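# Structural description and commentary
So the chains spell out like this:
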Amino acid sequence: RPLPVASDSMQYIYNEHFIEHIEHDDAARLLGECYRVLKPGGVLRISTPSLARLVTEYQSGRLDFWADMSWNPGSPAKLLNEGLSLWGHHFVYDANELESVIRSAGFSRLEPCGWRDSQHHLLKDLECRPFHDELIYDCVK
């Protein structure tokens, strides 16, 4: 269903750790809706776990990267499988796939961002989860 918001009516949309909880096709539709409701020059900020970081931790055999979140998988295989399926994850993105689905929604300007950092004042200091090398972008319409 379309977002119950008029087209070209929003200046900012903030999305932290959500997109990985829906199927890829649904995420593509959601991003298209975000594009539709943003004003020209409006910004979608998106933060999502990094598949590349998960794979790196798996390959290194390190199991304590997310210990501050009380996640302590018992083996590298459990780390990878749980990282992809726990918490209701449906699709975990790497940078290329996330950028592709964002661009397909119509966004042409993607600004990779640091944790709690943005060129847009109102989008600074918003992340409420501890930083674990998430993919964070400000996407400008």
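That block above? That's the structure.
To start, this report covers the structure provided alongside it. Treat the numbers as computed from the prediction; the structure is a model and nothing was measured. (Residues numbered from 1 in each chain as written. Predicted model: local features only at pLDDT ≥ 70, side-chain atom pairs only at ≥ 80, totals over all residues. Heavy atoms only, no water.)

## Details of the pairing of strand E1 (residues 10-16)
When E1 meets strand E2 (residues 38-48), the two strands line up parallel, connected through 6 bridges. Note on E2: the bridge partner recorded for Tyr12 is Val43. As for the winding sense of the linkage, the β-α-β connection from E1 through helix H1 (residues 24-37) to E2 is right-handed. (Pairing = 2+ DSSP bridges. Helix = DSSP H or I, 4+ residues; strand = E, 2+ residues; numbered from the N terminus. Right-handed = clockwise from strand over helix to strand, strands pointing away.)

## Here we look at the pairing of E2
Each regular strand shows side chains that alternate between the opposite faces of the sheet. Buried residues dominate E2, accounting for 8 of its 11 residues. Sheet topology note: the E2/strand E4 (residues 135-140) ladder contains 6 bridges and is antiparallel. When the bridges of E4 are listed, Ile46 appears paired with Tyr137. (Buried < 20%, exposed > 50% of the residue type's maximum accessible area, 1.4 Å probe, protein only.)

## Focus: the layout of surface pockets
In this structure, the largest pocket occupies an estimated 320 Å³ of space. What lines the largest pocket is a set of 16 residues, and nearest its centre among them are Pro49, Trp66, Trp87, His89 and Arg129. Across the lining of the largest pocket, the residue classes tally to 7 nonpolar, 6 polar and 3 charged. (1 Å grid on protein atoms, 1.4 Å probe; cavity = no way out; pocket = protein on both sides within 12 Å on 5 of 7 lines; lining within 4 Å. Points joined across faces, edges and corners; volume = space filled by probe spheres on them. Nonpolar A, V, L, I, M, F, W, Y, C, P; charged D, E, K, R; others polar.)

## What about the sheet that holds E2?
Pairing in this open sheet of 4 strands is mixed, and the strands run E1-E2-E4-E3 from one edge to the other. The open sheet terminates on both sides in strands that have one partner only, identified here as E1 and strand E3 (109-112). Strand-to-strand twist of the sheet, defined as the mean angle between neighbouring strand axes without regard to direction, takes the value 15°. In this fold H1 packs onto E1 and E2, with an angle of close to 145° to the strand it touches most, E2. (Axes fitted to C-alpha atoms, helices over the stretch in contact; angles between N-to-C directions. Contact = heavy atoms within 4.5 Å.)

## Concerning the packing of H1 against helix H4 (residues 95-104)
Two elements in contact, H1 and H4, have axes whose closest approach is 9 Å; the angle formed by their N-to-C orientations is 45°. With respect to H4, the element H1 is oriented oblique. For the pair H1 and H4, contact is made by His24, Ala28 and Leu31 and by Glu97, Val101 and Ile102, respectively. Along the lines of polarity and charge, the residues of the contact of H1 with H4 split into 4 nonpolar, 1 polar and 1 charged. (Parallel < 35°, antiparallel > 145°, perpendicular 65-115°, else oblique.)

## Quick look at the nonpolar core
Within the largest apolar cluster, 21 residues are counted, with the highest numbers of intra-cluster contacts made by Leu31, Leu44, Ile46, Leu98, Ile102, Phe107 and Cys139. Sorting elements by how many residues they give to this core places H1 first, with 5 residues. Sequence-distant contacts of Ile46, that is, excluding residues within four places in its chain, are made with Asn15, Ile19, Leu31, Leu98, Ile102, Leu135, Ile136, Tyr137 and Cys139. (Core = buried A, V, L, I, M, F, W, Y, C linked by side-chain atoms within 4.5 Å.)

Read these as geometric descriptors, not functional statements.
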